[in-house]
Amino acid sequence: MNYQWYPGHMTKAKRMMQEDIKLIDLVIELVDARIPLSSRNPDIDTLGQGKARLVLLNKSDLADERANRAWTEFFQKKGFHVLQVNSRSGEGIKLIDKTVQEACREKIERDRRRGIKNRPVRAMVVGIPNVGKSTFINSYAGRAAAKTGNRPGVTKGKQWIRLNKNVELLDTPGILWPKFEDQAVGMRLAMIGSINDEILNIEELSLELIRFLCDNYGGALNERYRCEEQEEPLQILTQIAKNRGCLLKGQELDYAKAAGILMDDFRSGKLGRVTLEQPEE
């Protein structure tokens, strides 16, 4: 399967970001803690040159704790400020104000020397589709300031949100890049739901996930579906279809339904805390 998805509005979104970057002091970049590198748009480093940087490992509750620590260290070594957050539950959100002030200390000091007091830090929130930007903004703001949805591409235009006297946020649409150089990146994005399921072969994707889980998180599939993990991925998917009663007319197994159940369970954390890539890779 060739993983590719670049809706037209994303070209416009990237252009908007290039125009707006000169207005801001800090880039707050959300990545999915399950795929911190694959869920980063490589354009962001170029766009954010010379700006203070804060990386939020979002959905960190769904990712492997040991991997979360390794990724935190990885980004810190690049000179970024890093926090592990769960935008849905609000975990880690209270630490953001303090971290924003730390990240922008030089800018705040510079303002003070010029006699400018109490000018809020202007931060741009960036991230790929479905990484949880709108949920994060609403959690941080403590109100429904941005539209949310469990499908990629809900945010279509930019909006400024005044959080408090210290911080103003610029929300931007999620942007992917036009071509994935590495198809493994596309596959990981598809697994977490950042590529529209309607254009994917979910059965094929589920077999890749089964292979990965058997190699790296032995026992997760058996615990959830009571299946033999020593089998080939297709046999395991067959067991899942049987155990979950996924049947078409004539008692034929419904592999598409079984694959959908597996992907939904993975994305919602029902298979345990799983990280799909490691810094050493």
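Conventions we followed
- Each chain has its residues counted from 1, following the order in which its sequence is written.
- Confidence filtering applies because this is a predicted model: local features only for residues at pLDDT of at least 70, side-chain atom pairs given and counted only at 80 or more, and all residues used for totals across whole chains, interfaces and linings.
- Water and hydrogen atoms were dropped before computing side-chain values, which therefore reflect all heavy atoms in the structure.
- Fitted lines through C-alpha atoms give the axes, limited to the stretch in contact for helices. The angle between two N-to-C directions lies from 0 to 180 degrees.
- The secondary structure listing takes helices from DSSP runs of H or I that are at least 4 residues long and strands from runs of E that are at least 2 residues long, numbered from the N terminus.
- Any angle from 65 to 115 degrees is called roughly perpendicular, while one under 35 is roughly parallel, one over 145 is roughly antiparallel, and all others are oblique.
- Note on contacts: a residue pair is in contact if any heavy atoms of the two residues lie within 4.5 Å.
- Buried residues are those whose accessible area, probed at 1.4 Å on protein chains only, stays under 20% of the maximum for their type, while exposed residues exceed 50% and partly exposed ones sit between those limits.
- Salt bridge criterion: a side-chain nitrogen from Lys or Arg within 4 Å of a carboxyl oxygen from Asp or Glu.

**Notes on the packing of helix α7 (residues 183-192) against helix α8 (residues 202-216)**
Between α7 and α8, the least distance of the axes is 10 Å, while the angle of their chain directions is 100°. In terms of orientation, α7 and α8 fall into the roughly perpendicular class. Contacts from M187, A190 and M191 of α7 reach α8 at L205, E208 and L209.

**Quick notes on the side chain of S206**
For S206, the position within the fold is in helix α8. Its relative accessible area of 0% is what places S206 among the buried residues. Apart from residues no more than four positions distant in its own chain, S206 is found in contact with L237, A259, L262 and M263.

**Remarks on the pattern of salt bridges**
All told, the structure shown has 16 salt bridges when counted by the stated rule. The partner of E65 in a salt bridge is R273, and the shortest N-O contact between them spans 3.7 Å. Linking E65 in helix α3 (residues 65-77) with R273 in the segment after α11 (255-267), this pair joins segments that are 208 residues apart in sequence. Note on R273: relative accessible area 34%, which makes it partly exposed. For K107, the salt bridge identified is with D111, shortest N-O distance 3.0 Å. Remark: D111 and K107 occur in helix α5 (residues 105-113); sequence separation between them is four residues, near one turn of the helix. Judged by its relative accessible area of 6%, D111 is buried. Each of D25, K107, D111 and R119 takes part in salt bridges that share partners, so that together they form one network.

Fair warning: the whole summary comes from geometry, so function is off the table for now.
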